[in-house]
Amino acid sequence: MGKYIRKRLLQAIPVVFGITILTFFIMKLAPGGPLTGMISPRTSSESLQRAREALGLNKPIIVQYGNWLKELVQGNFGYSTYNGQEVLAQILERLPATLLLTVTAFVFSFVVGIPLGVYSATHKYSRSDYGLTIFSFIGISVPSFFFGMGLIYVFALKLKWFPTSGFGSSNFRGEGLALFLHKLRYLVMPALVMSLSNIATVMRFARSSMIETLNQDYVRTARAKGLSEKAVIYKHALKNSMIPVITIFGQSIPNLFGGAYITEKVFGWPGMGLLGVEAIANRDYQILMGLTLFTAVLVLLGNLLADIMYSFVDPRIRY
Amino acid sequence: MSLLEVKDLKTYFYTDAGVGKAVDGVTFSLDKGKVLGIVGESGCGKSVTSLSIMRLVDPTTGRYEGGSILFEGQDILKLPEKEMRKLRGNRISMIFQEPMTSLNPVFTIGYQIEESLILHKGMDKKQARERAVELLELVGIPEAKKRVEEYPHQLSGGMRQRVMIAMALAGDPELLIADEPTTALDVTIQAQILELLKSLQKKLDMSIIIITHDLGVIAEMADEVAVMYAGDIVEKAATRELFDDPKHPYTIGLMNSIPDVEEDVERLRTLEGLVPSLYDMPAGCRFAPRCRFACAECEKQRIRLTELAGGRQVRCRRYEQ
């Protein structure tokens, strides 16, 4: 296992290298440039030229990439072209909030999605199954910004159960549990928005996987042993039916980080997604490149984690 | 008293295609310590008969429409599910055709055997592990102590079928139902598994119902044979008698289609025609459309099982009187 993980981490190096190429050159293809965000009508073309030279933007593109990469391997993600702050420091500052949101949404989607899928499968073609199917289609098809604004309208504006946006009020002076509950109220709605489509996807997957598993010969064997239906489903079938669900596990990680851009914007959640949206508006190329790279590494790690999980569920997979 | 008495069992399937009368009035009995073979071609209802005895017919489509299955005098079709579960895997066990897929791939074989022991014998984990090793030794698995920790994919097909048998024996069953236990195995492994079943049957004084389409397996194993055709038993006799002197035209056809090793033939002999559809059975004798002795009389009404001398039974108009 340790050998496998080392091997996978080594394999990740060329992948990350490829990502740096894509990130850098796609950024270069974008119209405008790092300086367009700073130009005012009074900016002279000389000062613009000076700034370009100071940032090395007059050099050939491949040299620019080389310079960027050289700094990158030394852990320097560069400085924001907008406010001059260190990119990595800004990302790390926003990371905890995003992790809290995505991990909550992630856990929520599986903790809710799997039981619903199993229920749906074991009550195939019943009314509740059809109900859950309709719910899942809604969950998959409703755009998250729409769902988010709907939640804000109903639960924040009308019912006033939850705050409209942000992550904690600056006026709040509580500590310990009170602080936790205070923060929790801010977390509920964005986490729900982020997990909705994921719950639906996990549920559909768990359902079809469970139905397929229940038709397997070994499930009949388990029944022939005299096991109760509960033991048959939750012991013999569940573990097998989870194998394809782990695939969703790996896939949902990039979806969540991507979804964070929209959800964090809608809820004013001070995470990496919001940082990204701000960076786009400010033409802050360094921040965007840093974020893309950082997210890519997180996704790679997430997929590695999913692959490791396979080996825990399925003894036929050994690394 | 017989250990098992199946009387006029009817198991029907309700599907979009109509009502499939997979088992339609099957009657037989089995004494303690005896081996009954049920033989017939695919779709004749032999597997459904065995699943009915376990009461494992898929409840979403299948129904027990009539008859009774008496196990030691108790009608198991009337038992509540909870009581039925106490019989399953305990006093009545079953092994299946596909050893490759019949074991759960994500649990060790030891765990799968121990599960039965803990459930039916009330053993704790440690006792169950010891007994599981004993059972694996009993079914001839070498290095049972080590193998008990292995997963199904680490074993060959023959070994997996042995594990299935060990699992079935966990509850010390009085009745073992073996549904095509050797069909999926190589010929040499087939012989070993049959040998094992035979020796276990003697050692443990079990009754066995062996279901197969292979007359060779019947000849090897069974004391008595029931020949099934299209949901009915068409003939029942002691194994020797059936092979020496088949009565029913279908049985005669089956016997004739066994190729003779001494004879050099160009073509194999077959039974002409097809098995009738489950959803559209002939009103009279179900074999009549394929029978060379059939007459108008045969197609009018269902034929009764006629008792012949020596306890033989045959469902054919030619023996009615």
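Residues numbered from 1 in each chain as written. Chains lettered and ligands numbered in written order. Predicted model: local features only at pLDDT ≥ 70, side-chain atom pairs only at ≥ 80, totals over all residues. Heavy atoms only, no water.

**Side note on the overall build of chain A**
So, point 1. What chain A contains, in helices and strands, is 11 helices and 0 strands.
So, point 2. When its helices and strands are written in sequence order, chain A yields α-α-α-α-α-α-α-α-α-α-α.
So, point 3. For chain A, the C-alpha atoms occupy an extent of roughly 85 × 55 × 40 Å along the three principal directions.
So, point 4. Counting the 319 residues in chain A, one finds 42% classified as buried.
So, point 5. Once local pairs closer than 6 in sequence are excluded, the contacts in chain A between residues at least 24 apart make up 74%.
So, point 6. Summing over all exposed atoms, chain A offers an accessible surface of approximately 16900 Å²; the carbon and sulfur share of this is 66%.
So, point 7. Of note, chain A has its 30 positive side-chain charges centred 6 Å away from the centre of its 15 negative side-chain charges. (Helix = DSSP H or I, 4+ residues; strand = E, 2+ residues; numbered from the N terminus. Buried < 20%, exposed > 50% of the residue type's maximum accessible area, 1.4 Å probe, protein only. Contact = heavy atoms within 4.5 Å. Areas by Shrake-Rupley, 256 points an atom, 1.4 Å probe, with all protein chains shown as cover. Lys, Arg positive; Asp, Glu negative; His and termini not counted. Charge placed at Lys NZ, Arg CZ, Asp CG, Glu CD.)

**Quick word on the pairing of strand E7 (residues 175-179) of chain B**
All names here are of chain B.
So, point 1. The buried count for E7 comes to 5 of 5 residues, which makes it a mostly enclosed element.
So, point 2. Residues of E7 alternate between two faces, with Leu175, Ile177 and Asp179 on one and Leu176 and Ala178 on the opposite face, all of them buried.
So, point 3. Both strand E6 (residues 92-95) and E7 contribute to a ladder of 4 bridges, which runs parallel. The residue bridging Ser93 from the neighbouring strand is Leu176, located in E7.
So, point 4. The sheet contact formed by E7 and strand E8 (residues 207-212) spans 5 bridges and is parallel. Opposite Ile177, over in E8, you have Ile209 as the bridge partner. (Pairing = 2+ DSSP bridges.)

**Concerning the pattern of salt bridges**
Residue and element names in this part refer to chain B.
So, point 1. Scanning the entire structure with this criterion turns up 36 salt bridges over all chains.
So, point 2. Ionic pairing is found between Arg91 and Glu174, a salt bridge with its closest N-O pair at 2.9 Å. Of the two residues, Arg91 sits in the loop between helix H2 (81-87) and E6 while Glu174 sits in the loop between helix H7 (157-169) and E7, which places them 83 residues apart along the sequence.
So, point 3. Exposure remark for Arg91: the relative accessible area of 26% places this residue in the partly exposed category. (Salt bridge = Lys/Arg side-chain N within 4 Å of Asp/Glu carboxyl O.)

**Topic: the confidence of the model for chain B**
As a general rule, the predicted coordinates of low-pLDDT regions are not to be interpreted in detail.
So, point 1. Within chain B, residue pLDDT values average 90, and 100% of them lie at 70 or more.
So, point 2. Quick note on the complex model: pTM equals 0.82, ipTM equals 0.88. (pLDDT = per-residue confidence, 0-100.)

**Topic: the packing of aromatic side chains**
So, point 1. In this structure the tally under the stated criterion is 14 aromatic pairs over all chains.
So, point 2. Centre to centre, the rings of Phe25 of chain A and Tyr65 of chain A are 5.5 Å apart; their planes meet at 40 degrees, and the pair counts as tilted. One end of the pair, Phe25 of chain A, is in helix H1 (residues 2-29); the other, Tyr65 of chain A, is in helix H3 (residues 61-73), with 40 residues separating them in the sequence.
So, point 3. For Tyr65 of chain A, a relative accessible area of 8% translates into the label buried.
So, point 4. Following the ring pairs from residue to residue traces out a cluster consisting of Phe24, Phe25, Tyr65 and Trp68 of chain A.
So, point 5. The cationic tip of Lys183 of chain A hangs over the ring face of Phe167 of chain A; the distance from NZ or CZ to the ring centre is 4.3 Å.
So, point 6. The ring of Phe293 of chain B is capped by Arg318 of chain B, whose NZ or CZ atom sits 3.8 Å from the centre of that ring. (Phe/Tyr/Trp six-rings, centres within 6.5 Å; stacked < 30°, edge-to-face > 60°. Lys NZ or Arg CZ within 6 Å of the ring centre and 35° of its normal.)

**Looking at unusual backbone geometry**
So, point 1. Even without being glycine, Arg283 of chain A reaches a positive phi, approximately 55 degrees.
So, point 2. A positive phi angle, near 50 degrees, is found at Glu180 of chain B, a position not held by glycine.
So, point 3. Take Glu180 of chain B: it is sitting in the loop between E7 and helix H8 (187-204).
So, point 4. Under the relative-accessibility criterion, Glu180 of chain B is labelled buried at 5%.

**Considering the layout of surface pockets**
The rolling of a water-molecule-sized probe over the atoms marks out the regions of remaining empty space.
So, point 1. The volume enclosed by the largest pocket comes to roughly 980 Å³.
So, point 2. Broken down by secondary-structure element, the contributors of at least two residues to the lining of the largest pocket are helix H4 (87-122), helix H7 (176-214), helix H8 (217-224) and helix H9 (229-267) of chain A together with helix H1 (46-54), strand E4 (62-71) and H2 of chain B.
So, point 3. The leading source of residues in the lining of the largest pocket is H8 of chain A, at 4 residues.
So, point 4. Within the lining of the largest pocket, the residues separate by chemical class into 14 nonpolar, 7 polar and 11 charged.
So, point 5. When its volume is computed, the second largest pocket comes out at roughly 540 Å³.
So, point 6. Lining of the second largest pocket is provided by 23 residues; of these, Leu55, Gln64, Asn67, Trp68 and Gln286 of chain A occupy positions nearest its centre.
So, point 7. Broken down by element, the lining of the second largest pocket gets its largest block of residues, 4 residues, from H3 of chain A.
So, point 8. Tallied by class, the residues present in the lining of the second largest pocket amount to 12 nonpolar, 8 polar and 3 charged. (1 Å grid on protein atoms, 1.4 Å probe; cavity = no way out; pocket = protein on both sides within 12 Å on 5 of 7 lines; lining within 4 Å. Points joined across faces, edges and corners; volume = space filled by probe spheres on them. Nonpolar A, V, L, I, M, F, W, Y, C, P; charged D, E, K, R; others polar.)

**Quick word on H9 of chain A**
Each turn of an α-helix holds 3.6 residues, which means side chains three or four residues apart point in the same direction.
Residue and element names in this part refer to chain A.
So, point 1. Here H9 contains 39 residues, and its C-alpha end-to-end distance of 44 Å is more than 12% below the 57 Å for a straight helix at 1.5 Å per residue.
So, point 2. The sharpest bend along H9 reaches about 50 degrees and sits at Leu238.
So, point 3. Of the residues trailing H9, Gly268 is marked for its positive phi of about 55 degrees. (Expected span 1.5 Å × (residues − 1). Bend = angle between axes of the 7 residues up to and from the residue.)

**Focus on the environment of Asn240 of chain A**
So, point 1. Looking at the element boundaries, Asn240 of chain A is found in helix H9.
So, point 2. Looking at Asn240 of chain A, the relative accessible area reads 7%, which means it is buried.
So, point 3. Residues Asn240 of chain A and Pro115 of chain A, 125 residues apart in the sequence, show an inter-C-alpha distance of 14 Å.
So, point 4. Apart from residues no more than four positions distant in its own chain, Asn240 of chain A is found in contact with Thr213 and Tyr218 of chain A together with Asn104, Pro105 and Val106 of chain B.
So, point 5. Reaching out from Asn240 of chain A, the side chain makes a polar contact with the backbone oxygen of His236 of chain A at a distance of 2.8 Å. (Polar contact = N/O pair within 3.5 Å; in protein donor to acceptor, adjacent residues only side chain to side chain.)

**Some words on the sheet that holds strand E1 (residues 4-15) of chain B**
All names here are of chain B.
So, point 1. Read from one edge to the other, the open sheet built from 4 strands follows the order E2-E1-E4-E5, with strand pairing classed as antiparallel. The two strands at the open ends of the sheet, each matched to only one other strand, are strand E2 (18-30) and strand E5 (74-75).
So, point 2. Direction of pairing for E4 relative to E5: antiparallel, over a ladder of 2 bridges. Residue pairing for E5: Leu70 is matched across the bridge by Asp75.
So, point 3. Contacting E1, E2 and E4, H1 runs over the sheet at an angle of about 110 degrees to E1. (Axes fitted to C-alpha atoms, helices over the stretch in contact; angles between N-to-C directions.)

**Thoughts on the packing of H7 of chain B against H8 of chain B**
Residue and element names in this part refer to chain B.
So, point 1. Closest axis-to-axis distance for the H7/H8 pair is 10 Å, and the angle between their directions is 20 degrees. Classified by the angle their axes make, H7 and H8 are roughly parallel. In the crossing of H7 with H8, the sense of the turn from one axis to the other is right-handed. Here H7 contributes Gly158, Gln161, Arg162, Ile165 and Leu169 to the contact with H8, which in turn contributes Ile189, Gln192, Ile193, Leu196, Leu197, Leu200 and Leu204.
So, point 2. Of the residues belonging to the contact of H7 with H8, the class tally is 8 nonpolar, 3 polar and 1 charged. (Parallel < 35°, antiparallel > 145°, perpendicular 65-115°, else oblique. Left-handed = near helix turned anticlockwise from the far one by under 90°.)

**Looking at the nonpolar core**
So, point 1. Within the largest apolar cluster, 95 residues are counted, with the highest numbers of intra-cluster contacts made by Leu4, Phe28, Ile53 and Leu175 of chain B.
So, point 2. For this core, the element with the most residues is H7 of chain B, which contributes 7 residues.
So, point 3. Those residues within four positions of Leu4 of chain B in sequence are excluded, and the remaining contacts are Phe28, Ser29, Leu30, Ile53, Ile69, Leu70, Phe71, Leu175 and Ile209 of chain B.
So, point 4. Ile243, Ile246, Phe249 and Phe257 of chain A belong to the second largest nonpolar core, which has 41 residues in total. (Core = buried A, V, L, I, M, F, W, Y, C linked by side-chain atoms within 4.5 Å.)

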